[in-house]
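# Report on the structure
Now for the letters of each chain:
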Amino acid sequence: MAHHDNGPRRRGVQSVDRALDILSALSAAYPRLQLSELAEVAGLPKTSAHRIAVTLVGRGFLRQEEDGAYVLGTRLLELGSLVSTTTALAHLTQGVAEELARATGETVLIAEVDWRDRSLIITGRREVGHAPDALSSIGQRSVLANGCISGAILSALPPDEARRIVPQLRLARRTPLSITDPGALLQEIEASRSRGFAIEIDQFIEGIAGVAVPVLVAGRPAGAVAVCGPTVRMPRRRLESIAALTQELRGRAARPPAPPRAGT
């Protein structure tokens, strides 16, 4: 009896896994795939991939284009917007990004960290006017590594945990100034911890400078708020000034509202 009771449950979980494998096969690098490619990336038989894809198209999670290629559907946009407005990080940064963008005239990014695989995902972006094309868009995922966003998040960890994690990170040389030595990155993280923010100048993207402030949820870094722009507009003194403003706005957003006074 136990075997029969558990069988349907296993099949149910497997079907969900397969549907998620289909959706996860599509990415920024491969935003559209033919059925055979979709099946190959998801590791599924073509008949199974087709059956699941048809269901996902019917529910709006996939869309099939005229040439037969599959792309992500608009239903995911709706759900994605809910994710970006309902997380604890979103509540703590509500209004901060808009005010920073207005005050600085630069691009503001909200990034959330997923500690399960040590990845970052951009959950918010605000800008006034034209922003550099090289900057991350909402939904873009990357690994926790070098750069001001990663640096801010790592600086908010207990020092022992940061020292354990950093040697395990893949520190790519994105520019000639990228920090790729774990020891050097740990020194930069310690400096960021002491000042409360992380700075980068031409280290993650050539021609781009940025500053990031960590955001904590229940005492642990959940993400960061970053302000980025062309290096020619972002000398170190301005980055430090923007960091102070970001810290002030973050602190204001984290404070609970004052209770109403008696008689009001």
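Refer to the preceding data block for the structure.
To keep things clear, this report deals only with the structure shown in the data block. (Residues numbered from 1 in each chain as written. Predicted model: local features only at pLDDT ≥ 70, side-chain atom pairs only at ≥ 80, totals over all residues. Heavy atoms only, no water.)

## Looking at helix α3 (residues 46-58)
Here α3 contains 13 residues, and its C-alpha end-to-end distance of 18 Å stays within 8% of the 18 Å for a straight helix at 1.5 Å per residue. The complete set of buried residues in α3 reads Ser48, Ala49, Ile52, Ala53 and Leu56. Within α3, the buried residues cover an arc of 125° as seen down the axis, which keeps them to one side. Pointing more than 90 degrees away from the buried face of α3 are the exposed residues Lys46, Thr47, Arg51 and Gly58. Taken from the residues just after α3, Gly60 is the one with a positive phi, measuring 85°. (Helix = DSSP H or I, 4+ residues; strand = E, 2+ residues; numbered from the N terminus. Expected span 1.5 Å × (residues − 1). Buried < 20%, exposed > 50% of the residue type's maximum accessible area, 1.4 Å probe, protein only. Arc of directions from axis to C-beta.)

## Observations regarding helix α6 (residues 96-104)
The complete set of buried residues in α6 reads Val96, Ala97, Leu100, Ala101 and Thr104. Buried residues along α6 cover an arc of 125° about the axis, so they all sit on one side. Opposite the buried face of α6, at more than 90 degrees from it, the exposed residues are Arg102 and Ala103. One or two steps after α6, the chain reaches Gly105, where phi turns positive at roughly 75°.

## Comments concerning the sheet that holds strand β4 (residues 119-126)
With antiparallel pairing, the six strands of this open sheet are ordered in space as β5-β4-β3-β8-β7-β6. The two strands at the open ends of the sheet, each matched to only one other strand, are β5 (141-143) and β6 (198-201). Taking each pair of neighbouring strands and ignoring which way they run, the sheet shows an average axis angle of 30°. In the packing of helix α7 (residues 148-155) onto the sheet, the strands contacted are β3 (107-114), β4, β5, β6, β7 (208-217) and β8 (220-230), and the crossing angle to β7 comes to about 30°. (Pairing = 2+ DSSP bridges. Axes fitted to C-alpha atoms, helices over the stretch in contact; angles between N-to-C directions. Contact = heavy atoms within 4.5 Å.)

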